[in-house]
Amino acid sequence: MEKLKSLRKQRGYTQEYMSKVISTDVSNYSRKENDEVRIYDDEWEKLAKALDVPVEEIKEERKTAIVHNNHDNTTFNDNAGSYFNHFHSIPNSIIENLQSYIKILEEQVEALKEENKKLKSK
């Protein structure tokens, strides 16, 4: 997001000012400007208006880095790990914990379905 950062500095605007333009906090704006968090189209428009330039002059596409987790656990969606890690690096331990929790929930859903069938048949 070098174009955005450079133009903001040229205009003498602070990150705090720009964060108010898009109604967020300074920390989140900083992450957006450093390409750690996505800038949405409506935010690009607000930022461009504040900087008095066309959106095309400052908008840069995010560099997509897919991080794949190598694990053997599977859930209802075998690609869940790579989906969750599409833009963020989530530790394998957290994903494994969530997958275990999902498995427990799926088992509970099945048990409830069976109980429901039994109750309906009475």
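No experiment lies behind these values; they were computed from the predicted model shown. (Residues numbered from 1 in each chain as written. Predicted model: local features only at pLDDT ≥ 70, side-chain atom pairs only at ≥ 80, totals over all residues. Heavy atoms only, no water.)

S.K.: Outline the overall build of the protein chain, supporting the account with residue identities and numerical values.
M.R.: Of the regular secondary structure elements, the protein chain holds seven helices and zero strands. Helices (α) and strands (β) of the protein chain occur, in sequence order from the N terminus, as α-α-α-α-α-α-α. For the protein chain, with 122 residues in total, the buried portion stands at 25%. In the protein chain, the share of contacts with a sequence separation of at least 24, taken over all contacts with a separation of at least 6, comes to 50%. Here the protein chain has roughly 8900 Å² of accessible surface; of this, 50% comes from carbon and sulfur atoms. (Helix = DSSP H or I, 4+ residues; strand = E, 2+ residues; numbered from the N terminus. Buried < 20%, exposed > 50% of the residue type's maximum accessible area, 1.4 Å probe, protein only. Contact = heavy atoms within 4.5 Å. Areas by Shrake-Rupley, 256 points an atom, 1.4 Å probe, with all protein chains shown as cover.)

S.K.: Give a detailed account of unusual backbone geometry, specifying residues and quantitative values.
M.R.: Note: most residues except glycine have negative phi, and most peptide bonds are trans. Although it is not a glycine, Asp35 adopts a positive phi angle of roughly 60°. Summarising the element assignment, Asp35 is placed in the loop between α3 (26-33) and α4 (41-51). Located in the positive-phi region is Asp52, a residue other than glycine, with phi close to 60°. Of note, Asp52 is situated in the loop between α4 and α5 (55-58).

S.K.: Quick one: what's the story with the packing of helix α1 (residues 2-11) against α4, residue by residue and with numbers?
M.R.: Packing of α1 against α4 leaves a shortest axis separation of 10 Å and a crossing angle of 30°. Between α1 and α4, the crossing angle belongs to the class labelled roughly parallel. The hand of the α1/α4 crossing is left-handed. In this structure, α1 contributes Leu4, Leu7, Arg8 and Arg11 to the contact, and α4 contributes Trp44, Leu47 and Leu51. Classifying every residue of the contact of α1 with α4 by side-chain character gives five nonpolar, no polar and two charged. (Axes fitted to C-alpha atoms, helices over the stretch in contact; angles between N-to-C directions. Parallel < 35°, antiparallel > 145°, perpendicular 65-115°, else oblique. Left-handed = near helix turned anticlockwise from the far one by under 90°. Nonpolar A, V, L, I, M, F, W, Y, C, P; charged D, E, K, R; others polar.)

S.K.: Help me get a handle on the environment of Asp35, residues and values and all.
M.R.: Look at Asp35 and you get buried, because its relative accessible area is 17%. Residues Asp35 and Glu2, 33 residues apart in the sequence, show an inter-C-alpha distance of 9.3 Å.

S.K.: If you had to explain the side chain of Lys32 to someone new, which residues and values would you point to?
M.R.: Looking at where Lys32 falls in the secondary structure, it is placed in helix α3. The contact partners of Lys32, leaving out residues within four places of it in the chain, are Met1, Ile22, Val37, Arg38, Ile39, Tyr40 and Glu43.

S.K.: Lay out the UniProt feature "coiled-coil region" (unreviewed entry) in the protein chain with the relevant residues and their values.
M.R.: Using the residue numbers shown here, the UniProt feature "coiled-coil region" (unreviewed entry) corresponds to residues 95-122. Helix makes up 96% of residues 95-122 and strand 0%, and the two end C-alpha atoms of the span are 41 Å apart. (UniProt positions renumbered as here; feature names shortened; annotations may be inferred.)

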